[in-house]
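Overview (structure and organization)
Residues per chain are reported as follows:
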Amino acid sequence: MRLDRSRYTPGISFLVSRFLSRHSRFGPVARATLVGLALSVLLVAQAGAVGRASGTAAKSQDTSESAGESLPPLAQAAISAAIGHDQPAYHASSSPSGARIRNEGNDFSVEFSDTGLDLKQVAHRFGMRLRESGRGQVLHEVAAATPSASANRVEYRRGDLVEWYANGPLGLEQGFTLARASGLASEGPITLGFALSGSLTGTVDPD
């Protein structure tokens, strides 16, 4: 999901240069993640360039386009989470409600509580609470959970379902880990239902 007012999707050159200039500050896990992803990106970019060169010339393309292409979303998320894990500026802190995260680069803060998260960016606000889960149209209310924080990560543990958030230079990544699938595949896809509030609008990212 992407919120409007998002301003920041780096390309290959930015992420690799960030790694090369700051690798000495990262822990071993982050360095291994970044090196592996940087090498993978270079190989993918090279393969893409060869594929474009072997195609027809029906459409002219600017040669700088390939250099500015973004990483795949999963690679972006992994790099951002690794940087956030190693840099205290992205770490969560305790708050009266549960946990708090700040992201200076993207100018937002998030409060996590038993009733969900509350994201604030300048004069804007976005609230979100996981309300139910299930399959298809058959959903059940999720169990209450208190947020727990470790480094740049905040989690809500609800039995087999873990709702988690990872803070990093690209923003706040949201994810869900299911220990096992509930119900039967014939009952429909696994579905999560949310209660949303605030002045920002959540939309599905085309990518």
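Bear in mind that the values here come from a model prediction, so they are computed numbers and not experimental data.

The residue A92 is located in the loop between α3 (73-86) and β2 (93-95) in this model. With 10 residues separating them along the chain, A92 and R102 place their C-alpha atoms 7.5 Å apart. Contacts of A92, omitting those with residues within four sequence positions, involve R100, I101, A149, A151, N152 and V154.

With that settled, the discussion passes to the sheet that holds strand β11 (residues 171-178). Hydrogen bonds between backbone groups are what pair the strands of a sheet, and the pairing can be parallel or antiparallel. The antiparallel open sheet is built from 4 strands, whose spatial order is β8-β9-β10-β11. Each edge of the open sheet is held by one strand with a lone partner, namely β8 (148-150) and β11. Across the sheet, the mean angle separating the axes of adjacent strands is 20° when strand polarity is ignored.

This part covers the environment of Q76. Position of Q76 relative to the elements: it lies in helix α3. Between the C-alpha atom of Q76 and that of L170, which follows or precedes it by 94 residues, the distance is 7.8 Å.

The next point concerns the nonpolar core. In terms of nonpolar packing, the biggest core is built from 14 residues, with V110, F112, L117, L119 and Y165 touching the most fellow members. Of all the secondary-structure elements, those providing two or more residues to this core are β3 (98-103), β4 (108-113), β5 (116-121), β6 (124-135) and β9 (153-158). Tallying contributions element by element places β4 first for this core, with 3 residues. With residues up to four places along the chain from it excluded, the contact list for F112 reads S97, G98, A99, I101, L117, P147, V154, Y156, Y165 and L172. Listed in part, the 5 residues of the second largest apolar core include L71, I79, I83 and Y90.

This paragraph deals with the layout of surface pockets. Reported here for the second largest pocket is a volume of approximately 340 Å³. Around the second largest pocket, the lining is made up of 18 residues, and of these S133, G134, L161, L178 and S182 lie nearest the centre. Looking at the lining of the second largest pocket, the elements that each hand over two or more residues are β6, β7 (138-141) and β12 (190-198). Of the residues forming the lining of the second largest pocket, the biggest block, 3 residues, is contributed by β6. Its residues placed into classes, the lining of the second largest pocket shows 7 nonpolar, 6 polar and 5 charged.

Another aspect to go through is the pattern of salt bridges. Inspection of every chain in the model, using the stated rule, returns 8 salt bridges. Residue R153 pairs with E155 through a salt bridge whose shortest N-O separation is 2.8 Å. Accessibility expressed as a relative area gives 30% for R153, which makes it partly exposed. Residues D160 and R180 are paired through a salt bridge, measuring 2.7 Å at the closest nitrogen-oxygen approach. Here R180 lies in the loop between β11 and β12 and D160 lies in the loop between β9 and β10 (161-168), a separation of 20 residues in the sequence.

Our next topic: the environment of L172. Considering the arrangement of structural elements, one finds L172 in strand β11. Separated by 82 residues in sequence, L172 and Y90 have C-alpha atoms that sit 9.7 Å apart. With sequence-adjacent residues up to four places away left out, L172 is seen in contact with I101, F108, V110, F112, Y165, A166 and N167.

This paragraph deals with α3. For α3, spanning 14 residues, the distance from its first C-alpha to its last is 20 Å, which sits close to the expected 20 Å at 1.5 Å a residue. Among the residues making up α3, those that are buried are A75, Q76, A77, I79, S80, A82, I83 and G84.

What follows is about the pairing of β3. In terms of strand pairing, β2 meets β3 through 3 bridges, oriented antiparallel. Bridge pairing links S94 to A99 in β3. With antiparallel pairing between neighbouring strands as the criterion, β2 and β3 make up a hairpin whose turn holds 2 residues. The loop that links β3 with its antiparallel partner β4 comprises 4 residues; one of these, D107, has a positive phi angle of about 60°.

What counts as what
- Numbering of residues starts from 1 in each chain and follows the order in which that chain's sequence is written.
- Restriction of local features to residues with pLDDT of at least 70 applies here, the model being predicted, together with a cutoff of 80 or more for giving and counting side-chain atom pairs; totals for whole chains, interfaces and linings are based on all residues.
- Calculation of side-chain values draws on the structure's entire complement of heavy atoms; hydrogens and water are dropped beforehand.
- Secondary structure elements are defined from DSSP: runs of H or I of at least 4 residues count as helices, runs of E of at least 2 residues count as strands, and each element is numbered from the N terminus.
- The contact definition used throughout considers only heavy atoms, calling two residues in contact when any of these lie within 4.5 Å.
- Any two strands between which DSSP finds at least two bridges are classified as paired.
- As a rule, the C-alpha atoms of each element are fitted with a line to give its axis, helices using only the stretch in contact, and angles between N-to-C directions run from 0 to 180 degrees.
- Nonpolar core, defined: a set of buried Ala, Val, Leu, Ile, Met, Phe, Trp, Tyr and Cys residues in which side-chain atoms within 4.5 Å join the residues together.
- Three exposure classes are used, based on accessible area relative to the maximum for each residue type with a 1.4 Å probe and protein chains only: buried under 20%, partly exposed in between, and exposed over 50%.
- Here the term cavity refers to a set of points on a 1 Å grid, laid over the protein atoms alone, in which a 1.4 Å probe fits but cannot get out; the term pocket refers to an open set having protein on both sides within 12 Å along at least five of seven lines, with lining residues being those that place an atom within 4 Å of a point.
- Grid points are joined across faces, edges and corners, and a volume is the space filled by probe spheres set on the points.
- Nonpolar residues are Ala, Val, Leu, Ile, Met, Phe, Trp, Tyr, Cys and Pro. Charged residues are Asp, Glu, Lys and Arg, and all others, Gly as well, are polar.
- One side-chain nitrogen of Lys or Arg within 4 Å of one carboxyl oxygen of Asp or Glu is enough to make a salt bridge.
- Expected helix span is given by 1.5 Å per residue-to-residue step, counting one fewer step than there are residues.

Purely geometric numbers; function is a separate question.
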